[in-house]
Amino acid sequence: MKNFALCLSAAALLCLVNAAPKPQGGEPIAIISQESNIEPDGAYNYAYETANGIKAEETGTVKKATSPDSTDVIIVKGSVSYTSPEGELITLNYAADDENGFQPQGAHLPTPPPIPPAIQKALDYLLSLPPAQRRR
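Rules used throughout
Along each chain, numbering runs from 1 in the same order as the chain's sequence is written. Per-residue local features are limited, in this predicted model, to residues with pLDDT of at least 70; the limit for side-chain atom pairs, both in listing and counting, is 80 or more; totals at the level of whole chains, interfaces and linings are taken over all residues. Hydrogens and waters are ignored; side-chain quantities use all the structure's heavy atoms. Stacked, tilted and edge-to-face pairs are distinguished by plane angle, under 30 degrees for stacked and over 60 for edge-to-face with tilted covering the rest, among Phe, Tyr and Trp rings (Trp via its six-membered ring) whose centres lie within 6.5 Å. Throughout, exposure labels follow a simple rule: accessible area from a 1.4 Å probe, protein chains only, divided by the maximum for the residue type, with under 20% read as buried, over 50% as exposed, and the rest as partly exposed. A pair of strands is treated as paired once DSSP finds two or more bridges between them. In this text, helices come from DSSP runs of H or I with a minimum length of four residues, and strands from runs of E with a minimum of two, each type numbered from the N-terminal end.

Peer 1: Could you give me a rundown of the packing of aromatic side chains, with the residues and numbers involved?
Peer 2: Summed over the entire model, instances satisfying the criterion amount to two aromatic pairs. A ring pair is formed by Tyr-94 and Phe-102, whose centres lie 5.9 Å apart and whose planes are at 35 degrees; its orientation type is tilted. Judged by relative accessible area, which is 54%, Phe-102 ranks as exposed.

See below:
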């Protein structure tokens, strides 16, 4: 029984060692610049740049909420950029608030396909009808 417990413990230890995160290799990436500021009212800003070309910045300001069930909200604007594995510069600009939520913008983000002309024509026709003749 002692040998069984010892083998079971050794197997568990081997599983834990094998499941441990593996280092990704290479040198750590240096941080070229970094700044951060937090105001007493909750407003903040930060920015950083790394040696491999990653850049990020964000600003948050506090405002009164438009919803009666909330108090203060933080309005956020920021951006992040990096080089993709294909060598393309990726830039993501974003904003977030209590009225419109999170709004990302970037050339790399997918967009919907164009509306087919026949569908667009039908939609335009429906919009041209008086409100009484539209379906509810």
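Peer 1: Before we move on, can you summarise the pairing of strand β4 (residues 72-83) with the specific residues and values?
Peer 2: In terms of strand pairing, strand β3 (residues 55-64) meets β4 through 10 bridges, oriented antiparallel. Of the residues in β4, the one forming a bridge with Gly-60 is Val-76. Pairing of β4 with strand β5 (residues 89-97), which is carried by eight bridges, proceeds in the antiparallel orientation. When the sheet's bridge partners are listed, Lys-77 is paired in β5 with Ala-95. Taking the residues that link successive antiparallel strands as the turn, the β4-β5 hairpin has five residues, and the phi of Gly-87 there is positive, at about 90 degrees.

None of this, on its own, says anything about what the molecule does.
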